[in-house]
Amino acid sequence: MKRIIAGLLTTATIMASCISVSANELVFYHGNDDSAKKCFAATTQTEDENIGARITWQLSDENTVEYGPYNTSNGYQVTSYSRRLAGKSGWSYGYYYNNGTIVHRSTEWYGFNF
């Protein structure tokens, strides 16, 4: 099952995708934290497995893709944030993991203008 939801939460603009991996329902979030001036990728789950997330981004005036930390957790949620990007614009892309394996990638580059 896959679905994409777009919305506005408090000060974050997000896209979300949902898939089921065995009994575990994973939800992938990709967006911008407008108040912190950062992009993020996050994974939540319903079971107790090892999940991970990594955000990448490219500034509009550069050709290099930068990588945020690859974070993992056995808890309910894990999030990877970009560095602070105040005054910058560009695009971000998220990678999502379950038990060390990539199970989802963002469906498209997601724009930001902080």
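Keep in mind it's a predicted model, so treat the numbers as computed, not measured.

Draft legend 1. A look at the overall build of the protein chain. Summing up its helical and strand segments, the protein chain has 0 helices and 11 strands in all. In sequence order, the protein chain lays out its α and β elements as β-β-β-β-β-β-β-β-β-β-β. Burial statistics for the protein chain: of 114 residues in total, 43% are counted as buried. Across the protein chain, contacts joining residues at least 24 apart in sequence account for 51% of those joining residues at least 6 apart. Counting only carbon and sulfur atoms, one obtains 47% of the accessible surface of the protein chain, whose full area is about 5,900 Å².

Draft legend 2. How the structure looks around the packing of aromatic side chains. The full count for this structure, using the stated rule, is 6 aromatic pairs. Ring geometry for F40 against Y81: centres 6.1 Å apart, planes inclined by 55°, an arrangement best described as tilted. With F40 in strand 4 (residues 38–45) and Y81 in strand 8 (residues 77–81), this pair connects stretches of sequence that are 41 residues apart. An aromatic cluster is built from Y93, Y95 and W109, whose rings are joined through pairwise contacts. Here the guanidinium or amino end of K38 rests over the ring plane of Y81, the centre of that ring lying 5.8 Å away.

Parameters at a glance
Residue positions within a chain follow its written sequence, with the count starting from 1. Two thresholds apply to this predicted model, a pLDDT of at least 70 for residue-level local features and 80 or more for giving and counting side-chain atom pairs, whereas whole-chain, interface and lining totals are computed over all residues. To get the side-chain values, all heavy atoms of the structure are used, and hydrogens and water are removed first. For the purposes of this entry, the term helix denotes a DSSP run of H or I that reaches at least four residues, the term strand denotes a run of E that reaches at least two, and both are numbered from the N terminus. Per-residue accessibility, obtained with a 1.4 Å probe over protein chains only, is compared with the maximum for each type, and a residue is labelled buried under 20%, exposed over 50%, and partly exposed between these values. We call two residues contacting when some pair of their heavy atoms lies within 4.5 Å. Shrake-Rupley sampling with a 1.4 Å probe provides the accessible areas, and residues are treated as covered by the protein chains on show and by no other component. Here a Phe, Tyr or Trp ring, Trp counted by its six-membered ring, pairs with any other such ring whose centre lies within 6.5 Å, and the pair is stacked when the planes are under 30 degrees apart, edge-to-face when over 60, and tilted otherwise. We count a charge as sitting over a ring when the NZ of a lysine or the CZ of an arginine lies within 6 Å of the ring centre and within 35 degrees of the ring normal.

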